[in-house]
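# Per-entry structural report
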Amino acid sequence: FGLGILLSSFLKEGGSIYYFYMTFGVIGGFGNNNDDLLCAGNKEDIQSYVEQIVKEAGTIILEAGENLGVEEKSSQHDLVTMYDKKVQEYLFNQLSREFPHASFLGEEGLESKGDGNGLFIIDPIDGTTNFVKGFRISVISVGYAEAGTMKYGVIYNPFSGELFSAEKGCGAFLNGKPIHVNEDAMEHAVICFGAAPYDPEKWDYTFSTARKVMEKCVDVRRLGSAAYDLVSVACGRAGAFFECKLRPWDYAAGLLIVEEAGGTVSDLDGKKITEIDRPSSMLAGNPKCYPEMLKIVKGLNKESTISVEGTVRLRESRNLKQA
Ligand code: IPD
Ligand code: CA
Ligand code: CA
């Protein structure tokens, strides 16, 4: 099975001859534990290449000047800067050169169909509002899926130098060291949530749920980056995270990193997320907080009836099908 995935990665993604021989050498040298071989082999190719490219893209964010070129997208709550576009362009140019058969999906209008079954899902800056306001929690998120299953995920905060990564079946890491979800029960946990800023029909539910969660935990956090929320669960800072609506680029890499760190991820009805190229609600948590959180959020993710007229222009620019 492991060998099959390796070979299909190379053939479908056009992996270089160098990587092919690196991997083949690893298989030949270590014999019969396929899972370990899969991990050892892949660390030499897609994962390490993506990590290098993501770090390089991080310098674009760090070197941003005073004028960020801020524009509104769908509403006053939905900002984009010229650096979101620059980072996405850099990632696409570098990754598509190395993986010419892959498809790409990125927040800033990137949709490119390749002839393989590999898909890169990119959020060039997750936490754009944090970036605009100088909060220093803004990450680059790159996920890689094959046949609809997440295989690799990298999330990098250039401001802190923290690089979170995971490879399917091989665990999750922070700057190369293994990470795990924590064992906090709700009463000892900090719980993150996202405000679903682009979906005002979700705000009533979001904030009333956060109120209920607050009663059960130590404290709540709204950090401004869903990808960072997810890795905060993965590395044991937060016990759980929920948000009523995310897009694929917000969650693809983080979903895998949480699962590989021993956490559980689903939508707010407790259903596993199987269509990773679609918007979804999200609940992620450690083994103690996840079931407790699910009791609070399940089935309650209804759209509010409050009028949002005059507050938000609707999302014509969002081209994905609604969840
Ligand atoms: C947003 C952030 C935010 C979350 C939103 C996302 P962006 O992504 O992750 O924390 O609440 O749902 O859309 O626009 O900064 O890339
Ligand atoms: Ca995002
Ligand atoms: Ca973004």
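The structure presented is a predicted model; accordingly, all values stated were derived computationally and were not measured.

In this structure, Ile 257 and Met 282 are the most contacted members of the largest nonpolar core, which totals 41 residues. When residues in this core are grouped by element, the largest group, 8 residues, is from helix α9 (residues 248–260). Listed in part, the 28 residues of the second largest apolar core include Ile 53, Val 54, Phe 104 and Tyr 152.

Turning our eyes to something else, we now look at the packing of helix α8 (residues 226–234) against α9. Packing of α8 against α9 brings their axes to within 8 Å, and their N-to-C directions diverge by 5°. Here α8 is positioned roughly parallel relative to α9, judged by the angle of their axes. In contact with Ala 226, Ala 227, Leu 230, Val 231, Val 233 and Ala 234 of α8, α9 contributes Asp 250, Tyr 251, Gly 254, Leu 255, Ile 257 and Val 258. Of the residues assigned to the contact of α8 with α9, the class counts are 10 nonpolar, 1 polar and 1 charged.

Here we take up the site of ligand 1. As a matter of local geometry, ligand 1 sits amid 17 residues, with Asp 126, Gly 127, Tyr 198, Ala 226 and Glu 243 nearest to it. In the model, an oxygen atom of ligand 1 is placed 2.4 Å from a nitrogen or oxygen of the Tyr 198 side chain. Residue Ala 226 places a main-chain N or O atom 2.8 Å away from an oxygen atom belonging to ligand 1. Look at ligand 1: alone it shows 380 Å² of surface, and the protein chains cover 97% of it. Counting only elements with at least two residues in the shell around ligand 1, the list comes to β5 (118–126) and β13 (240–246). Residues of the shell around ligand 1, tallied by class, amount to 6 nonpolar, 4 polar and 7 charged.

Calculation notes
- Residues numbered from 1 in each chain as written.
- Chains lettered and ligands numbered in written order.
- Predicted model: local features only at pLDDT ≥ 70, side-chain atom pairs only at ≥ 80, totals over all residues.
- Heavy atoms only, no water.
- Core = buried A, V, L, I, M, F, W, Y, C linked by side-chain atoms within 4.5 Å.
- Buried < 20%, exposed > 50% of the residue type's maximum accessible area, 1.4 Å probe, protein only.
- Helix = DSSP H or I, 4+ residues; strand = E, 2+ residues; numbered from the N terminus.
- Axes fitted to C-alpha atoms, helices over the stretch in contact; angles between N-to-C directions.
- Parallel < 35°, antiparallel > 145°, perpendicular 65-115°, else oblique.
- Contact = heavy atoms within 4.5 Å.
- Nonpolar A, V, L, I, M, F, W, Y, C, P; charged D, E, K, R; others polar.
- Near = heavy atom within 4 Å.
- Polar contact = N/O pair within 3.5 Å; in protein donor to acceptor, adjacent residues only side chain to side chain.
- Areas by Shrake-Rupley, 256 points an atom, 1.4 Å probe, with all protein chains shown as cover.

Remember that the coordinates give geometry; whether it matters functionally is a separate question.
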